[in-house]
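Examination of the molecular architecture
Chain by chain, the residues run as shown.
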Amino acid sequence: QVQLVESGGGLVQPGGSLRLSCAASGSIFSIDTMAWYRQVTGKQRELVAAITSGGSTNCADSVKGRFTISRDNAKNTVYLQMNSLKPEDTAVYYCHAVIGNEVGRLYAYWGQGTQVTVSS
């Protein structure tokens, strides 16, 4: 079994910063791409940022220059540093990871989600 456990969400004022963390644990042989998505009630879940095992990143245009994704492969952990937060960044943020087992099969996993609220 594999678990993704997120932390770091909360309430922050506009212009503030938060750092989200997501740690993968369990039967892990390898981790491919890790990513953060977000979802507002009534809307589709959208990709915020992703990072490959080699460190290549991409992010949504709406967060470029403000959010940074990184990972620590030794800790099986992905981070999302969010700066200059705006009210429209308010959402539930989900961690996503593609994880390989001992025979090389890849499976996608989701975290439980963490609420980020940007409000004065």
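Moving on to the overall build of the chain. In terms of regular secondary structure, the chain is built from zero helices and eleven strands. Helices and strands appear in the chain in the N-to-C order β-β-β-β-β-β-β-β-β-β-β. Expressed as lengths along the three principal axes of its C-alpha atoms, the size of the chain is roughly 50 × 25 × 25 Å. Taking all 120 residues of the chain together, the buried fraction comes to 38%. By sequence separation, contacts in the chain at least 24 residues apart represent 54% of the contacts at least 6 residues apart. Counting every atom, the chain has about 6500 Å² of accessible surface; 47% of that belongs to carbon and sulfur.

Attention now moves to the state of the cysteines. A full pass over the atoms with the stated rule returns one disulfide. Paired through a disulfide, cysteine 22 and cysteine 95 show a sulfur-sulfur distance of 2.1 Å. Disulfide cysteine 22-cysteine 95: torsion about the S-S bond near -80 degrees, hence left-handed. Here the residue cysteine 22 occupies a position in strand 3 (residues 18-26), and cysteine 95 occupies one in strand 9 (residues 91-100), the gap between them amounting to 73 residues. Each of the two residues, cysteine 22 as well as cysteine 95, counts as buried.

What counts as what
- Residues numbered from 1 in each chain as written.
- Predicted model: local features only at pLDDT ≥ 70, side-chain atom pairs only at ≥ 80, totals over all residues.
- Heavy atoms only, no water.
- Helix = DSSP H or I, 4+ residues; strand = E, 2+ residues; numbered from the N terminus.
- Buried < 20%, exposed > 50% of the residue type's maximum accessible area, 1.4 Å probe, protein only.
- Contact = heavy atoms within 4.5 Å.
- Areas by Shrake-Rupley, 256 points an atom, 1.4 Å probe, with all protein chains shown as cover.
- Disulfide = S-S within 2.5 Å.

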